[in-house]
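Summary of the model geometry
Here's the letter readout for the chains.
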Amino acid sequence: MSQLKYNLSGDIADSVKAHLADWRAQKKVKRLWSGDASLWTGNDEAEWLGWLNVTESQIADLRKFHELALEARREAFSDILLLGMGGSSLCPEVLQNTFGQVAEFPQLHVLDSTDPAQIKTIESKINIAKTLFVVSSKSGTTLEPNIYKQYFFESAAEVVGKDKAGAHFIAITDPGSSLQKIAEADHFRNIFFGVPSIGGRYSALSDFGMVPAALMGLDVDTLLQRAQAMVEACRNRKPEQNPGAMLGIVLGAAATTGRDKVTIIASPGIFYLGAWLEQLLAESTGKVGKGIIPVDREPAGPPEVYGDDRIFVYLRLEAASDQNQDATVAALESAGHPVVHIPVQEIYCLGEEFFRWEIATAVAGSIIGINAFNQPDVEASKIATRKLTSEYEEKGSLPEERPIFERDGIKLFTDQKNAGELNAAVGNQASLSRYLASHLSRLRAGDYFALLAYIEMNAVHEARLQQIRQLVLDHKHVATCLGFGPRFLHSTGQAYKGGPNSGVFLQLTCDDAVDLPVPGQKYTFGVVKAAQARGDFQVLVDRGRRALRIHLGSDLDSSLDKLLAACREGLTTL
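A brief structural summary.

Parameters at a glance
- Residues numbered from 1 in each chain as written.
- Predicted model: local features only at pLDDT ≥ 70, side-chain atom pairs only at ≥ 80, totals over all residues.
- Heavy atoms only, no water.
- Phe/Tyr/Trp six-rings, centres within 6.5 Å; stacked < 30°, edge-to-face > 60°.
- Helix = DSSP H or I, 4+ residues; strand = E, 2+ residues; numbered from the N terminus.
- Buried < 20%, exposed > 50% of the residue type's maximum accessible area, 1.4 Å probe, protein only.
- Lys NZ or Arg CZ within 6 Å of the ring centre and 35° of its normal.
- Lys, Arg positive; Asp, Glu negative; His and termini not counted.
- Salt bridge = Lys/Arg side-chain N within 4 Å of Asp/Glu carboxyl O.
- Contact = heavy atoms within 4.5 Å.
- Expected span 1.5 Å × (residues − 1).
- Arc of directions from axis to C-beta.
- Polar contact = N/O pair within 3.5 Å; in protein donor to acceptor, adjacent residues only side chain to side chain.
- Pairing = 2+ DSSP bridges.
- Axes fitted to C-alpha atoms, helices over the stretch in contact; angles between N-to-C directions.
- Disulfide = S-S within 2.5 Å.

1. What about the packing of aromatic side chains?
A complete count under the given rule lists 24 aromatic pairs for this structure. Where Trp 51 meets Phe 373, the ring centres are 6.5 Å apart and the plane angle is 40 degrees; that geometry is what we call tilted. Of this pair, Trp 51 sits in the loop between helix 2 (28–33) and helix 3 (54–60) while Phe 373 sits in the loop between helix 15 (350–368) and helix 16 (376–395), placing them 322 residues apart in sequence. For the pair Trp 51 and Phe 373, a shared accessibility class is recorded, and that class is buried. Judged by centre distance (5.0 Å) and plane angle (85 degrees), the rings of Tyr 151 and Phe 152 are edge-to-face. Here the two residues Tyr 151 and Phe 152 agree in accessibility, since each one is buried. We note Lys 149 situated over the ring of Phe 153; from NZ or CZ to the ring centre the distance is 4.3 Å.

Here you go:
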């Protein structure tokens, strides 16, 4: 196991030295492992530390994973479709994108979107008669996995018969949840249980991560043994020799000295780890006006486009590093930017990284001074969404909206306060580019730009949106983030609403060319997505965020082209 290295100077180096001394003197590593809630806010934190010891219990029960892998091969399933959100889906997605399909095992797919086009795309990739569906939800009450289950269970019943559909489903959930009851009533093939004292984003090494790993044919033994080696290293009570505590001290010290944008650079072979890290860092630390803003998959730029609110973390896959990334990181260090180096020997060392970063996040949360295990602002969006879907069930439509600007099939929406500021800046020269210029002109040093896209997550759309990030980075020299809705609601959405009020948000919505029904409900998947976007936006503006929503219409490709051109034009005028 390689130790992390870091290149720091100035205030951040002094802060790290001070916090390191404090953690050593106050025996805080020992207190963390003993469940001392006073390390954070002294509330319920001790009730959420089950992840500290989960690898030991998993290793003691390896037979379960061996039998599951054998069953996946014996039953000749061609595909596995995991239906989940946030902590229930991000670790399996990292594993699928990192390891790919294992020979003689089914292909794993992950669905974590209510976008009808994305659901149809997933549906086109699988043979329902030969697919094993994994419904993954800790609480069992999360909207998205429940409606995914309704949709695909009905589809499976039509293809294989209602009496055989349950044999194509397994559940991963906490004991006693509503999902357990549904799984039992519908005669699911199996039910695997989470640990109630492990929150979703800390659940990678529990059954929420390891059951999908076994089903797709990974060597779960090796993954867990790698994780256990990190567990033992993180028990070291000397924080400077503890790879998790040391990383957490660096990140926490950075955040409290103004470097709260943790910018992730990961080798191509472990590129997708960043999505999991985004949720862990943002949802754990972004609350009560404090926190870390993780920046993942940002296009690279020269050192001069990065402000003094950044700290970079370079996850370098030693077995397959990238020379361009090495050069980028070397240039950042030469320019004086703080960089943390984490060597990752090979891809099964993801097990190490899952645990290292869980410890680091808990430690950083302690230094920042928040409860690293709750997510108060995620629930606010869920409440706003439920209110809108309930209104649709009752009235058959969502509330009417009035745009502040409309042209060429594109509409702009925001609240009264934001509208007043934008209209005053635009004056009598209203155009899409002028509104975008006015909105983006509100970015200041230390702010970040977040693009929140409620459209299908695919390579073509991501490439267009990455171009917008690049433009903003180049012209405004601020951190840029990209999230696809609704998945980011269960991830970075917490920090965007509850963290520092330093974000400028551009939300994108569209008309769905094709919609899909939700069995047993009046609302459709498209209506759910629209309600989630509106609920998300409402909470952003209720929290006083600088936010603008652009509705792109049904011709998404053309509208994205117009949006990109308007961003380019608007930014060149600033």
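2. Notes on the side chain of Glu 278
Relative to the elements of secondary structure, Glu 278 occurs in helix 13 (residues 273–285). Among buried charged residues, Glu 278 stands out as having no salt bridge; its nearest opposite-charge side chain is Arg 487, 6.0 Å away. In this structure Glu 278 touches Glu 283, Pro 294, Asp 296, Leu 482, Ser 491 and Thr 492, once residues within four positions along its chain are discounted.

3. Overview of helix 14 (residues 323–334)
For helix 14, which comprises 12 residues, the first-to-last C-alpha distance of 16 Å matches the rise-based estimate of 16 Å (1.5 Å per residue) to within 8%. Considered for burial, the residues of helix 14 that qualify are Gln 325, Val 329 and Leu 332. Each buried residue of helix 14 sits inside an arc of 55 degrees when the element is viewed along its axis, so together they form one side. Facing away from the buried side of helix 14 by over 90 degrees, the exposed positions are Gln 323, Asn 324 and Ser 334. Tucked inside the fold, the buried residues of helix 14 contact strand 7 (261–266), strand 9 (310–317) and strand 10 (339–344). In this structure Asp 322 caps helix 14, since a side-chain oxygen of it lies 3.0 Å from the backbone nitrogen of Asn 324. At the C-terminal side of helix 14, Gly 336 shows a positive phi close to 95 degrees.

4. Side note on the pairing of strand 10
Taking burial as the measure, the 6 residues of strand 10 include 5 buried ones, the bulk of the element. Bridge count between strand 1 (residues 5–7) and strand 10: 3 bridges; the pairing is antiparallel. Looking at the pairing, Asn 7 lines up with Val 339 of strand 10. Where strand 9 and strand 10 come together, 6 bridges link them in parallel fashion. Bridge pairing in strand 10 links Leu 315 to Ile 342.

5. Notes on the sheet that holds strand 3 (residues 107–111)
Across the sheet, 5 strands lie side by side as 3-2-4-5-6; this open sheet has parallel pairing. At either margin of the open sheet sits one strand with a lone partner, and together these are strand 3 and strand 6 (190–193). On average, each strand axis in the sheet is inclined to that of its neighbour by 20 degrees, with strand direction left out of account. Of the pairings in the sheet, the one linking strand 5 (residues 169–173) to strand 6 comprises 4 bridges and is parallel in character. Pairing of Ala 171 across the sheet is with Ile 191, part of strand 6. Where helix 9 (residues 178–185) meets the sheet, it contacts strand 4 (131–136), strand 5 and strand 6, and its direction lies at approximately 160 degrees from that of strand 5. Along the sheet, helix 10 (residues 207–215) contacts strand 2 (79–83), strand 4, strand 5 and strand 6; its crossing angle with strand 5, the most-contacted strand, is approximately 150 degrees.

6. Remarks on the environment of Phe 488
With respect to the helices and strands, the residue Phe 488 is situated in the loop between strand 14 (479–484) and helix 20 (493–498). The sequence separation of Phe 488 and Gly 86 amounts to 402 residues, and the corresponding C-alpha distance is 7.7 Å. Sequence-distant contacts of Phe 488, that is, excluding residues within four places in its chain, are made with Leu 452, Tyr 454, Gly 483, Gly 493, Tyr 496 and Asp 536.

7. Some thoughts on the state of the cysteines
All told, the structure shown has 0 disulfides when counted by the stated rule. Left unpaired, Cys 234 is separated from the closest cysteine sulfur, that of Cys 349, by 14 Å. Here Cys 234 falls in the buried class, since its relative accessible area comes to 1%. The closest cysteine sulfur to the non-disulfide-bonded Cys 567 is located on Cys 481, 16 Å from its own sulfur. Among the residues examined, Cys 567 registers a relative accessible area of 2% and is labelled buried.

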